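Below, each chain spelled out in residue letters.
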Amino acid sequence: MIYTSGFGEAGNETLDEILRNTIQEIDTRVIGPNGLGILNPYSKVAIYPDWENYCGPISYVAQSGGTMVRLYLSLGPLGIGFHNVVSIGN
């Protein structure tokens, strides 16, 4: 996860170019910007390390990190778990 605060939206085009070049050099994929990233309870990949792992069959893609968090933290305790949850941002 690359937190891109202060990049192009803040007027810093140089950081945008460095990030773009680095991503191309290491041949990887990026989700975002302005998203919370990936959550996979089976792999214990979470946005915050102290979150419960609500495992289940649902995968969910959200533009909004807030919506992603609300759904995960609301349904999980009810026994409705997730396989993958992604906040893609802008």
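Residues numbered from 1 in each chain as written. Predicted model: local features only at pLDDT ≥ 70, side-chain atom pairs only at ≥ 80, totals over all residues. Heavy atoms only, no water.

A. Seen up close, the side chain of Ser87. Inspection of the secondary structure puts Ser87 in strand 3 (residues 82-87). Given the relative accessible area of 0%, Ser87 is considered buried. A polar contact of 3.1 Å, which involves the side chain of Ser87, links it to the backbone nitrogen of Leu36. Excluding residues that lie within four positions of it along the chain, Ser87 makes contacts with Ile31, Gly35, Leu36, Gly37, Ala62, Gln63, Ser64, Gly65 and Met68. (Helix = DSSP H or I, 4+ residues; strand = E, 2+ residues; numbered from the N terminus. Buried < 20%, exposed > 50% of the residue type's maximum accessible area, 1.4 Å probe, protein only. Polar contact = N/O pair within 3.5 Å; in protein donor to acceptor, adjacent residues only side chain to side chain. Contact = heavy atoms within 4.5 Å.)

B. Molecular detail of unusual backbone geometry. Located in the positive-phi region is Asp27, a residue other than glycine, with phi close to 50 degrees. Secondary-structure assignment places Asp27 in the loop between helix 1 (13-26) and strand 1 (37-39). Positive phi is not limited to glycine here, since Lys44 has a value of about 60 degrees. Position of Lys44 among the secondary structure elements: in the loop between strand 1 and strand 2 (55-62).

C. Local environment of the pairing of strand 3. Pairing between strand 1 and strand 3: 3 bridges, direction antiparallel. Looking at the pairing, Gly37 lines up with Ser87 of strand 3. Strand direction decides the pairing type here: strand 2 and strand 3, joined by 6 bridges, are parallel. Directly across from Ile58, in strand 3, lies its bridge partner Phe82. (Pairing = 2+ DSSP bridges.)

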